[in-house]
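This is what each chain is made of:
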Amino acid sequence: MASLEWFCAPCCYQVVKNQLHGQPTREHPLKQLTVNVTVADKNPLSLALALEGTDPLSKFARQDQELNDPLTQMSSEFSKRGNASEPEDNTLNWSTRRLGILNRFTTNEKLSLSTSFLCTSSTEGGGENFKAQTVVADKVKYRLEQLDNFDDGSMRHMMDLTQQEYIQRFDQLKQELIQSWHNDQRVKALKIAIQCAKMLSDTSVLQFYPSQYILITDILDVFGKLVYERLRIKAEGAPGASAALQQREREAARDTCQNWFYKIASIRELLPRLYLEMAIFKCYELLAATQKEIEQVLLRLTSQLRGIADPLVSSYARCYLVRVGVTVTRSKVYIRDNFTDLFTIYPQIFRIVARYNLHPEIITASAYLQLYSPAFDYMLQCLMHESDLYAQEMLQECKQLKYNGAILLSILNSAKGEFVAAHAHEFLELINNSDTPGISKSQLLRPLGSCVSSCAPLQEQRLAFLNAAFQTINTLTDPNEYINCVETWAPFVAQYFTIHEVNRLLGELNTRMCLGKAYEKHYGQLQSILTRIMQNYRSIELLLIQPHFLPYLDLFHKESVRVEMCKSILSYYRQNSEERTSDAVVTNALMYLGKILNDSVNALTVEDERRQISQLINGFINKVHFGKDLEQQLSFYVEGRGTFSNLDAVYVTLVHAALKLTMHASNRQGAKSLGFIKACIAYCFITIPSITSVRQKMDLYLLCGQLALRHLCLGQADACFEAALQLIDELPASTIDFEGKPRCLERYLVAYLCNMLATLIVVPDSPEQGVLYFLRLLLDIVGRRTFKANSSAPAIIYLHVLDMLYVQSMEKFPYHIDGVVSNDALYGHDPKFLAEVNNLCGQVVEAILLQLKALGAAQQQRTQAQLSMELFMRIVRYADLEREPLCALAVKLWVLANKAQAQLDSETIPQTLCSVEHFYKLVKDSSPKRAQTIAKLLLRMRDSQKAATNS
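The rules we used
Residues numbered from 1 in each chain as written. Predicted model: local features only at pLDDT ≥ 70, side-chain atom pairs only at ≥ 80, totals over all residues. Heavy atoms only, no water. Helix = DSSP H or I, 4+ residues; strand = E, 2+ residues; numbered from the N terminus. Buried < 20%, exposed > 50% of the residue type's maximum accessible area, 1.4 Å probe, protein only. Contact = heavy atoms within 4.5 Å. Areas by Shrake-Rupley, 256 points an atom, 1.4 Å probe, with all protein chains shown as cover. Phe/Tyr/Trp six-rings, centres within 6.5 Å; stacked < 30°, edge-to-face > 60°. Lys NZ or Arg CZ within 6 Å of the ring centre and 35° of its normal. Expected span 1.5 Å × (residues − 1). Axes fitted to C-alpha atoms, helices over the stretch in contact; angles between N-to-C directions. Parallel < 35°, antiparallel > 145°, perpendicular 65-115°, else oblique. Left-handed = near helix turned anticlockwise from the far one by under 90°. Lys, Arg positive; Asp, Glu negative; His and termini not counted. Salt bridge = Lys/Arg side-chain N within 4 Å of Asp/Glu carboxyl O. Polar contact = N/O pair within 3.5 Å; in protein donor to acceptor, adjacent residues only side chain to side chain. Core = buried A, V, L, I, M, F, W, Y, C linked by side-chain atoms within 4.5 Å. Nonpolar A, V, L, I, M, F, W, Y, C, P; charged D, E, K, R; others polar. pLDDT = per-residue confidence, 0-100. Disulfide = S-S within 2.5 Å.

## Comments concerning the overall build of the chain
Here comes step 1: When its secondary structure is counted, the chain shows 44 helices and four strands.
Here comes step 2: Taken across its 951 residues, the chain has 48% of its residues classed as buried.
Here comes step 3: The long-range fraction of contacts in the chain, counting pairs at least 24 apart against all pairs at least 6 apart in sequence, stands at 74%.
Here comes step 4: Element-wise, carbon and sulfur atoms account for 51% of the exposed surface of the chain, whose accessible area totals about 47,200 Å².

Encoded structure:
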């Protein structure tokens, strides 16, 4: 086939851009619309859509899915109602402690449970036998007989239960109680509550007793709420009833309430009798009892609790009394009396401790004393709440006790931070003098440190207090106790003292934890200490330059822990440091941390880990700024290149940063500035090859070349462009995206070469390389690259090459770079240069025609038609249509596109015709001869379109 002769037509028109006019708006265009429903809208569906976001049927379906079984609904209903009886102040809310106690006090031992209600018959506990009683006297007699009739033969003893099974059994008992109550089996519900209360005397598995107490009192709480709610509803009477009827209802409810208390008073055993009365204690309100009468009942129950011999059982029973008391009265006299009784039996606790010291296999002394802490903590918090007077009394009582560690620990856990801060020296003196078996000084120092960290002593007392505290802490010989204490005191030191004290603390930690390699067992605490110091100290930069800061990191000999610590420091620095830093010591510390992270990266490191580390290092690289000292800034980037050799993302950041430097340097005048710019570009040119990703290297070479061109470094620009083009051969056909799926890179390559061609328009030819060297190189690389079968990418690239070549044929290019002599000025529209351009255009068009032929052979008519239309429009705009071969080619392309009209968008052909007509109007005045040629082409287009339509 003879080669196509191409002749570029001169540009005889100017393109006028239509400017879009903006208008002010107060609403963001992407803001979601708010639907306002008016009363006039009677459509229930639209109302539901506006309010719920879905239709009513979907709403009902969702409700059905959310519905639980009836027993669960009953349980949740009473739990919600029960929350209303908790004290309004959340600090006294027992429910907030429940989960913590269950998680803290666990056991691996086997548990036992005795009850007669987990397997029930239809007639047990009431049922039909109860409903058959019709006479009131018989009904009362029947209930009293049931209450006394605890047939031991019906009791089931479940042995060897795991903790989970034990909890499940109590959940079943709770459901059984609720079901019995709603089935009108009140006596059965009462018997379940009594049996549960009796289990509170079982201390066979000591370490589980606080959790056992939680499970059982949950059931008692449910029982108390059921009784109270029934009596309350009965007392309110039917709505709309007469005053006389309502009065009779209230009296009947009061009588029923008294009967409940009489029934409970008839229970023979002390512990269930007291617990059941406490469980329904709120019912005293329905007896119209005054506050004084309620306080008297609380004092009576306090005195009755003295009959419980076991101090652990007694303490939790008193805790339950305080729990129910705070919901009905603000008086604290009964709580104070409970502590008076507790202090009386307090020595008995330590006689038991002494016994367990001889048998630590059962439970250690420390673990035994910890069993009391939930009860003591809650009772003390209720007593000292909003009352510094009682807090002062407890502190004085504590001083009088021989083994005061357990009470002192609870006071520190329960008292307000302000009270502890005001008496910090007294607490510290008590701790120094404490010698309680099972309670170490470190256990007492930790809550004291937590308190003063949240509320510090007076300014003038802090330093003396800190020195006295650490004088005690430093006497701890056990590394575990020492590190645990320092962990709680670290926020206090960091928040309220100067950097000198913080540095001294780090130094002391270095010294102590190096003894016997103690750091190996306490990496978690060492991490926590440094994290707390960073969170509480006001300047991360000051921390980084301290003499003992980096040596502290040397304590983390385990690489994984050290890496996590460095990540934590750099993350905190990124979020809390100043916008910029130029301090050399800070920079060196950051580089040291970054080097640790970089060295941890190897071939086995997952991509997400690489990304995290790179982001942290990039974060501080972008913050290091030496102002006008650009040479030092470039030296920092050079050092970074040598330090972070394992991280491509950091290299990319360094290249971008160095390129930004060239823009800063361009504001300076003189040869020194030009030399520095060349040094920055040379740094980038040397750094880019170390990056693994071909795509990133191509992007950076192009950007580097564009900036070199901007700064008139033509030789460096040519080197960058050539390196970028040579990399196309290494670009893979596809890559793996973040979801693990292969993604074709042809679209990227097309976009990249479009960017490259737009840049090459203004790049002047080098005398050493010939006319349009880079364009010829690009065509050569594209020509030998293997594309996906039936791909349109090569044709699209050639079309954009044709655009670039037409610009080269213009007398004046549409854009330039200041100071760069582009080919329009270099060649001056020389005929030889234009002949080379026309020759290349002919080669490109032939390549496009080959691509169209291949697409036709592959039955890709739609793609073939689209590309034919693109080439047709370029021939119309760029080619000299007075040359018959070019005009004939245009007509053939038009006919080819019309044959596949059914597969194109309906507007494609008409719009193309309109575009040619518009082009005719543009050139009509400036070039009548060319306009006449286009008019003839339009006639041939319409004729061929009619022929295609008729066929």
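## Some words on the packing of aromatic side chains
Here comes step 1: In total, this model carries 36 aromatic pairs according to the counting rule given.
Here comes step 2: Each ring, one from Phe350 and one from Tyr403, has its centre 5.1 Å from the other, and the planes form 40°; the classification is tilted. Of this pair, Phe350 sits in helix H14 (residues 333-358) while Tyr403 is found in the loop between helix H17 (388-400) and helix H18 (405-414), placing the two residues 53 residues apart along the sequence.
Here comes step 3: A relative accessible area of 7% means that Phe350 is categorised as buried.
Here comes step 4: Residue classification places Tyr403 among the partly exposed positions, given a relative accessible area of 26%.
Here comes step 5: For the cation-ring pair, Lys263 lies above Trp260, with the distance from its terminal atom to the ring centre recorded as 4.4 Å.

## Description of helix H35 (residues 714-726)
Here comes step 1: Along its 13 residues, H35 runs 18 Å from first to last C-alpha, staying within 8% of the 18 Å computed at 1.5 Å per residue.
Here comes step 2: Listed as buried for H35 are Ala717, Asp718, Cys720, Phe721, Ala723, Ala724 and Leu725.

## Things to note about the packing of helix H9 (residues 209-236) against helix H13 (residues 311-325)
Here comes step 1: Where H9 meets H13, the axes come as close as 12 Å, and the angle between the chain directions of the two elements is 40°. It follows from the interaxial angle that H9 and H13 lie oblique. For the pair H9 and H13, the crossing hand works out as right-handed. Between H9 and H13, the residues in contact are Tyr209, Pro210, Tyr213, Thr217, Leu220 and Asp221 and Leu312, Val313, Tyr316, Cys319, Tyr320 and Arg323, respectively.

## Observations concerning the side chain of Arg512
Here comes step 1: Tracing the chain through its elements places Arg512 in helix H24 (residues 499-514).
Here comes step 2: Lacking a salt bridge, the buried Arg512 has Glu508 as its closest oppositely charged neighbour, with an N-O distance of 7.8 Å.
Here comes step 3: For Arg512, the side chain forms a polar contact with the main-chain oxygen of Leu476, separated by 2.6 Å.
Here comes step 4: Excluding anything up to four places from it in sequence, Arg512 contacts Asn474, Leu476, Thr477 and Tyr482.

## Remarks on the nonpolar core
Here comes step 1: Judged by nonpolar contacts, the single largest core of 307 residues is most densely connected at Tyr275, Tyr368, Phe620 and Phe872.
Here comes step 2: Sorting elements by how many residues they give to this core places H9 first, with 13 residues.
Here comes step 3: Beyond its immediate sequence surroundings of up to four residues, Tyr368 is in contact with Leu206, Pro311, Leu312, Ile349, Ile352, Val353, Tyr356 and Ile363.

## Let's talk about the pattern of salt bridges
Here comes step 1: Tallied over the entire structure, the rule returns 30 salt bridges.
Here comes step 2: Residue Glu564 pairs with Lys567 through a salt bridge whose shortest N-O separation is 3.4 Å. Here the residue Glu564 and the residue Lys567 both occupy positions in helix H28 (residues 559-576), the gap between them amounting to three residues, near one helical turn.
Here comes step 3: Two residues, Lys567 and Glu609, come together in a salt bridge whose shortest N-O distance is 3.2 Å.

## A short note on unusual backbone geometry
Here comes step 1: Here the phi dihedral of Leu772 falls at roughly 50°; this positive angle occurs in a residue that is not glycine.
Here comes step 2: A relative accessible area of 3% places Leu772 in the buried class.
Here comes step 3: Even without a glycine there, the phi angle at Asn790 is positive, about 60°.
Here comes step 4: Note that Asn790 resides in the loop between helix H37 (773-784) and helix H38 (793-808).
Here comes step 5: Taking relative accessible area as the criterion, Asn790 reaches 43% and is therefore assigned partly exposed.

## Some details on the packing of helix H7 (residues 163-182) against helix H8 (residues 186-198)
Here comes step 1: Look at H7 against H8: their axes get within 7 Å of each other, and the N-to-C directions meet at 155°. In terms of orientation, H7 lies roughly antiparallel with respect to H8. You can see that H7 and H8 cross each other, and the crossing is left-handed. On the side of H7, the interface is formed by Phe170, Leu173, Glu176, Leu177, Ser180 and Trp181, while H8 contributes Arg186, Lys188, Ala189, Ile192, Ala193 and Cys196.
Here comes step 2: Here the residues of the contact of H7 with H8 are counted per class, giving eight nonpolar, one polar and three charged.

## Remarks on the side chain of Gln864
Here comes step 1: Tracing the backbone through its elements, the reader meets Gln864 in helix H41 (residues 861-878).
Here comes step 2: For Gln864, a relative accessible area of 11% gives the class buried.
Here comes step 3: With sequence-adjacent residues up to four places away left out, Gln864 is seen in contact with Leu852, Leu855, Gly856 and Leu896.

## Brief notes about the environment of Leu270
Here comes step 1: Tracing the backbone shows Leu270 in helix H11 (residues 270-279).
Here comes step 2: A relative accessible area of 25% places Leu270 in the partly exposed class.
Here comes step 3: Linking Leu270 and Leu305, residues 35 residues apart in sequence, is a C-alpha distance of 8.6 Å.

## Considering helix H30 (residues 607-621)
Here comes step 1: Taking 1.5 Å per residue as the helical rise, H30 with its 15 residues ought to reach 21 Å, and the 21 Å between its terminal C-alpha atoms agrees with that figure.
Here comes step 2: Of all the residues in H30, the buried ones are Ile613, Ser614, Leu616, Ile617, Asn618, Gly619, Phe620 and Ile621.
Here comes step 3: Each element contacted by the buried residues of H30 is listed here: H28, helix H29 (584-599), helix H31 (630-643) and helix H32 (648-665).

## Examining the confidence of the model for the chain
Here comes step 1: This prediction gives the chain a mean pLDDT of 85; 86% of its residues lie at or above 70.
Here comes step 2: The low-confidence segment residues 120-137 (pLDDT under 50) makes 24 contacts with residues lying over four places distant or belonging to another chain.

## A look at the state of the cysteines
Here comes step 1: Evaluation of the coordinates by the stated rule reveals zero disulfides.
Here comes step 2: Left without a disulfide partner, Cys720 is nearest to the cysteine sulfur of Cys704, which lies 3.7 Å away.
Here comes step 3: Look at Cys720 and you get buried, because its relative accessible area is 1%.
Here comes step 4: Between Cys841, a cysteine without a disulfide, and Cys8, which holds the nearest cysteine sulfur, the sulfur-to-sulfur distance is 4.1 Å.
Here comes step 5: Under the relative-accessibility criterion, Cys841 is labelled buried at 1%.

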